[in-house]
Amino acid sequence: WREDNSRQILETFNKILATYGAETPVFIMGDMNAKPSAASIKMLAQKLSNCTSVAKISRSTGASYHKVGKNPTASSPIDHMFVTEKTVTVYTHKLDTSNEAKMSSDHYQLICDVSLN
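Structural notes, computed from the coordinates. Keep in mind that what you see is a predicted model, and the values were worked out from it rather than measured.

### Things to note about the sheet that holds strand E2 (residues 49-50)
Strand order in the open sheet made by the three strands is E1-E4-E2, with antiparallel pairing throughout. Edge positions in the sheet fall to strand E1 (27-31) and E2, since each has one partner strand and no second. As judged from the two bridges shared by E2 and strand E4 (residues 79-83), these two strands associate in the antiparallel manner. The residue bridging serine 49 from the neighbouring strand is valine 83, located in E4.

Given below as structure tokens:
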């Protein structure tokens, strides 16, 4: 089902570009319940750039989910942000790993500093 979701995302992505033009900045983000090595994430990475891969200044690559109030035990993220690299520059990609963030959700907040080209 994750690969099917990625197909649906890419269909919508193509419709956005067809409607508004190839220079339209597009952001796709969320809890995708898939590690970077998953087929569903690789599908998205064929058309869009994963912010963790293209951040120019710094990037976080650790686990983005955990039990509320606990440190993560996983080694990689399942929350991702993708952009159209041609129209968006990503400077930083980070997870807010503060105690407040750890207590507020079972996912760290993903923060990306970007500019539109």
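### Here we look at the side chain of threonine 89
Within the secondary structure, threonine 89 sits in strand E5 (residues 88-96). Of the polar contacts made by the side chain of threonine 89, one reaches the side chain of asparagine 117; its length is 2.5 Å. Ignoring sequence-local partners within four residues, the contact set of threonine 89 consists of Lys56, Asp113, Val114, Ser115 and Asn117.

Cut-offs and rules
Residues numbered from 1 in each chain as written. Predicted model: local features only at pLDDT ≥ 70, side-chain atom pairs only at ≥ 80, totals over all residues. Heavy atoms only, no water. Pairing = 2+ DSSP bridges. Helix = DSSP H or I, 4+ residues; strand = E, 2+ residues; numbered from the N terminus. Polar contact = N/O pair within 3.5 Å; in protein donor to acceptor, adjacent residues only side chain to side chain. Contact = heavy atoms within 4.5 Å.

Geometry only, nothing functional implied.
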